[in-house]
Amino acid sequence: SCKEALRIFYEVMAAETSNLGLKHLAVGGVYIGGTAQKDSQFILDNCQSFLRAFTWKRKQRDLVSEMPIHVITKEDANQYGVADFVSRRYHRIT
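First things first, this report covers the structure right here in the doc. What you are looking at is a predicted structure, and each value in this text was computed from that prediction instead of being measured.

Once that is clear, we can look at the pairing of strand S1 (residues 30-33). Burial along S1 is one-sided: the residues Val30 and Ile32 are buried and none of Tyr31 and Gly33 is. Pairing of S1 with strand S2 (residues 69-72), which is carried by four bridges, proceeds in the parallel orientation. Bridging across to S2, Ile32 finds its partner in Val71.

In terms of nonpolar packing, the biggest core is built from 10 residues, these being Ala14, Leu22, Ala26, Val30, Ile32, Phe50, Ala53, Phe54, Val64 and Met67. Elements with a contribution of two residues or more to this core: helix H1 (2-23), S1 and helix H3 (47-54).

For the structure on display, the rule yields two aromatic pairs. Ring plane angle 80° and centroid distance 5.1 Å describe the contact between Phe9 and Tyr10, whose orientation is recorded as edge-to-face. Seen in terms of ring centroids, Phe50 and Phe54 are 6.4 Å apart; in terms of plane orientation they differ by 15°. Their pairing is stacked. Within this pair, Phe50 and its partner Phe54 are both found in helix H3, separated by four residues, close to a single helical turn. Taken as a pair, Phe50 and Phe54 share a single burial class, namely buried.

We now examine the pattern of salt bridges. For the coordinates displayed, the defined rule picks out three salt bridges. Here Asp84 makes a salt bridge to Arg88, at a shortest N to O gap of 2.8 Å. Pair noted here: Asp84 and Arg88 are both in helix H5 (residues 77-93), with a separation of four residues, about one helical turn. Overlapping salt bridges bring together Glu4, Arg7 and Glu11 as one network.

So, how was this worked out
Residues numbered from 1 in each chain as written. Predicted model: local features only at pLDDT ≥ 70, side-chain atom pairs only at ≥ 80, totals over all residues. Heavy atoms only, no water. Buried < 20%, exposed > 50% of the residue type's maximum accessible area, 1.4 Å probe, protein only. Helix = DSSP H or I, 4+ residues; strand = E, 2+ residues; numbered from the N terminus. Pairing = 2+ DSSP bridges. Core = buried A, V, L, I, M, F, W, Y, C linked by side-chain atoms within 4.5 Å. Phe/Tyr/Trp six-rings, centres within 6.5 Å; stacked < 30°, edge-to-face > 60°. Salt bridge = Lys/Arg side-chain N within 4 Å of Asp/Glu carboxyl O.

Written as structure tokens, this is what we have:
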């Protein structure tokens, strides 16, 4: 079913998110943002499944378990990121 496919997708995403968190030693946490409010809501609704996949590490389980997960729910957050990037780039040129 579609719901099962989404569950699997988000479990894979959780596993890869923890891999990136470990790769960058993101002790301050990882941030997850989606293109739609419903993406973030699906993660929150399936929190246990997501957390299980996120922490499924053998050697680094303790480190990953301490890593905060932040879900960005503001729909236009990507626009703030672009504005910040452009602002920083513009100030370097002048």
